[in-house]
Amino acid sequence: MTRPSRLVSDLTAQAGRAAHARTAACPCGAATLADRPDGTVVRHAGTVAKAHAPDTDPAELTRRLAVAAALPGVLLPPLTPAPLTLHGRPVTCWPYGTPVDPADPDAAPWEAAATLLARLHRTPAPAALPAMRGPAKAARAVARLRAAGPHPAAGPVLSAWSALPAWARAEAPMPDTATLCHGDLHLGQLVRHPAPGGPWLLIDVDDLGTGVPAWDLARPAAWYACGLLAPEEWTRFLTAYRAAGGPAVPRDGDPWPALDVPARALTVQTAARAITKAAAAGRPLDEAEESLVDACRRMPAVPPRPAHSAAT
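Parameters and conventions
Every chain begins its residue count from 1, and numbering advances along the sequence as written. Whole-chain, interface and lining totals are the exception, using all residues; otherwise, since this is a predicted model, local features are given only for residues with pLDDT of at least 70 and side-chain atom pairs are given and counted only at 80 or more. As a convention, hydrogens and water are excluded, and side-chain values are obtained from all of the structure's heavy atoms. Counting from the N terminus, the helices are the DSSP runs of H or I reaching at least four residues and the strands are the DSSP runs of E reaching at least two. We take the radius of gyration over the C-alpha atoms and set the globule estimate at 2.2 Å times the residue count to the 0.38 power. When accessible area is computed with a 1.4 Å probe and restricted to protein chains, residues below 20% of their type maximum are described as buried, those above 50% as exposed, and intermediate ones as partly exposed. Note on definitions: a residue-residue contact is assigned when non-hydrogen atoms from the two residues lie within 4.5 Å. Under the convention used here, Asp and Glu are negative, Lys and Arg are positive, and both His and the chain ends fall outside the count. The atoms used to mark charge sites are NZ of Lys, CZ of Arg, CG of Asp and CD of Glu. Criterion for a disulfide: a pair of cysteine sulfur atoms within 2.5 Å. Here a cavity means grid points, on a 1 Å grid over the protein atoms only, where a 1.4 Å probe fits yet cannot get out; a pocket means an open set of points with protein on both sides within 12 Å along at least five of seven lines; lining residues are those with an atom within 4 Å of a point. Grid points are joined across faces, edges and corners, and a volume is the space filled by probe spheres set on the points. In this classification, Asp, Glu, Lys and Arg are treated as charged, Ala, Val, Leu, Ile, Met, Phe, Trp, Tyr, Cys and Pro as nonpolar, and every other residue, Gly included, as polar. Pairing of aromatic side chains here covers Phe, Tyr and the six-membered ring of Trp, requires ring centres within 6.5 Å, and sorts the geometry by plane angle: under 30 degrees stacked, over 60 edge-to-face, intermediate tilted. Think of it as a cone above the ring: NZ of Lys or CZ of Arg counts as a charge over the ring if it is within 6 Å of the ring centre and within 35 degrees of the ring normal. The criterion is simple. A nonpolar core is a set of buried Ala, Val, Leu, Ile, Met, Phe, Trp, Tyr and Cys residues joined through side-chain atoms within 4.5 Å.

Enquirer: Kindly report on the overall build of the protein chain, identifying the contributing residues and their values.
Expert: The number of helices and strands found in the protein chain is nine helices and ten strands. Taken against the 2.2 N^0.38 rule, which gives 20 Å for 312 residues, the C-alpha radius of gyration of the protein chain at 20 Å falls within 12% of a compact globule. With the C-alpha coordinates of the protein chain rotated into their principal frame, the extents come out at 65 × 45 × 40 Å. When the 312 residues of the protein chain are sorted by exposure, 48% land in the buried category. For the protein chain, the proportion of contacts with a sequence separation of at least 24, taken over those separated by at least 6, is 72%. A gap of 6 Å separates the mean positions of the 30 positive and 27 negative side-chain charges of the protein chain.

Listed below in structure tokens is the structure:
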């Protein structure tokens with residue numbers, strides 16, 4: 001098995017080759033932006049190289065890269081049309097963009113995120129594009145929770161999961177197979193490019209595909225429902241999405257019949273990850289994590305609301 005340090009070293013070298021394709025000398029430093037089993041990311045000058053998860057399908061990733069290349073005003077376009085292979089893992093190269101500053105929550109680009117999502121959802125999905133992987137990621141988080149062993153907070157989370165419809169648990173096809181979706185929307189998936197003052201763009205195509213567009217609104221919806229996102233910020237996000245013609249929710253009126261099931265699924269996914277990480281670190285849940293578990297505890301008392309078709 002390749003050690004992570006060797007992967008980071010070779011990935012950094014690949015980023016350097018991409019950054020300086022026309023020059024022999026390299027005057028720049030490099031930085032590791034992320035080093036996780038599901039993705040290792042390094043930056044070299046204005047180029048970012050990402051080693052995707054070992055089980056990534058290169059053919060499906062190539063189709064996702066093609067979507068990003070075709071939507072340069074919505075998604076950050078890749079520097080190459082197909083992945084390379086490094087230590088058995090697909091590797092893609094991207095221009096560097098300035099991320100959202102986590103230390104400045106008041107400057108969070110909720111309107112930009114919502115507008116980009118609406119534009120993505122209104123774009124016709126290419127033929128043969130894989131399914132959006134949001135439900136599959138939620139199912140993996142729950143599987144890891146079960147594999148981690150007994151935990152006092154796991155019961156409400158697993159009960160809430162079992163009450164979801166099969167499609168939200170990745171056990172049946174999604175009811176929408178035509179809408180282009182991001183699959184893993186959060187503020188860490190936005191960058192400004194060209195850096196530092198360019199327009200906001202979406203990044204990370206690993207979960208891009210066709211599916212239920214409300215899934216892309218579900219994380220901020222879940223945070224709002226759990227009290228982790230201020231009502232003003234949720235309103236900014238939802239209003240901007242509707243103003244941009246996003247099809248995931250009706251143009252006016254109650255959005256929750258469309259959002260309820262995806263928001264529950266994202267709440268369960270986030271709670272499952274929180275419990276697994278806390279257990280691995282041997283620490284108790286913090287206040288935010290407890291609020292997620294409490295939300296899961298309340299779910300069985302209120303059955304999921306049936307979704308209806310968003311207004312056209």
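Back to the text.
Enquirer: Describe in detail the state of the cysteines, supporting the description with residues and values.
Expert: Per the stated rule, a full pass over the model turns up zero disulfides. In this structure C296 is a free cysteine whose sulfur lies 7.3 Å from that of C226, the closest cysteine sulfur available. Owing to a relative accessible area of 0%, C296 belongs among the buried residues under this scheme.

Enquirer: Kindly report on the layout of surface pockets, identifying the contributing residues and their values.
Expert: Estimates place the volume of the largest pocket at around 1,600 Å³. Taken together, the elements giving at least two residues each to the lining of the largest pocket come down to strand 1 (30-36), strand 2 (39-44), strand 3 (47-52), strand 5 (89-95), helix 4 (134-147), helix 6 (215-225) and helix 8 (256-281). In terms of residue count, the dominant contributor to the lining of the largest pocket is helix 8 (six residues). Partitioning the lining of the largest pocket into residue classes produces 19 nonpolar, nine polar and 15 charged.

Enquirer: Which residues make up empty space enclosed by the protein, and what values go with them?
Expert: One pass over the structure, following the stated rule, counts one cavity of 30 Å³ or more. When its volume is computed, the largest cavity comes out at roughly 60 Å³. Lining of the largest cavity is provided by G134, K137, G183, D184, L185, W215, D216, R219, L266 and Q269. Counting only elements with at least two residues in the lining of the largest cavity, the list comes to helix 4, helix 6 and helix 8. Ranked by residues supplied to the lining of the largest cavity, first place goes to helix 6 with three residues.

Enquirer: Which residues make up the packing of aromatic side chains, and what are the values?
Expert: With the rule as written, the count across this model stands at six aromatic pairs. With centroids separated by 5.7 Å and ring planes inclined at 10°, the aromatic side chains of Y224 and W234 adopt a geometry described as stacked. With Y224 in helix 6 and W234 in helix 7 (residues 231-243), this pair connects stretches of sequence that are ten residues apart. A relative accessible area of 31% places Y224 in the partly exposed class. Taken together, the ring pairs in this structure connect W110, Y224, W234, F237 and W256 into an aromatic cluster. Positioned above the aromatic ring of Y96 is the side chain of R43, whose terminal nitrogen or guanidinium carbon lies 3.5 Å from the ring centre.

Enquirer: Could you give an account of the nonpolar core, with specific residues and numbers?
Expert: Of all hydrophobic cores here, the largest spans 78 residues; its most connected members are L75, V157, L190 and L202. A total of twelve residues in this core trace back to one element, the largest contributor, which is helix 8. Residues contacting L202, with those up to four places away along its chain left out, are V74, L75, L76, L116, L117, L120, H182, L185, Q189 and L190. Counting residues in hydrophobic clusters, the runner-up holds five residues, among them V8, A15, V42 and C93.

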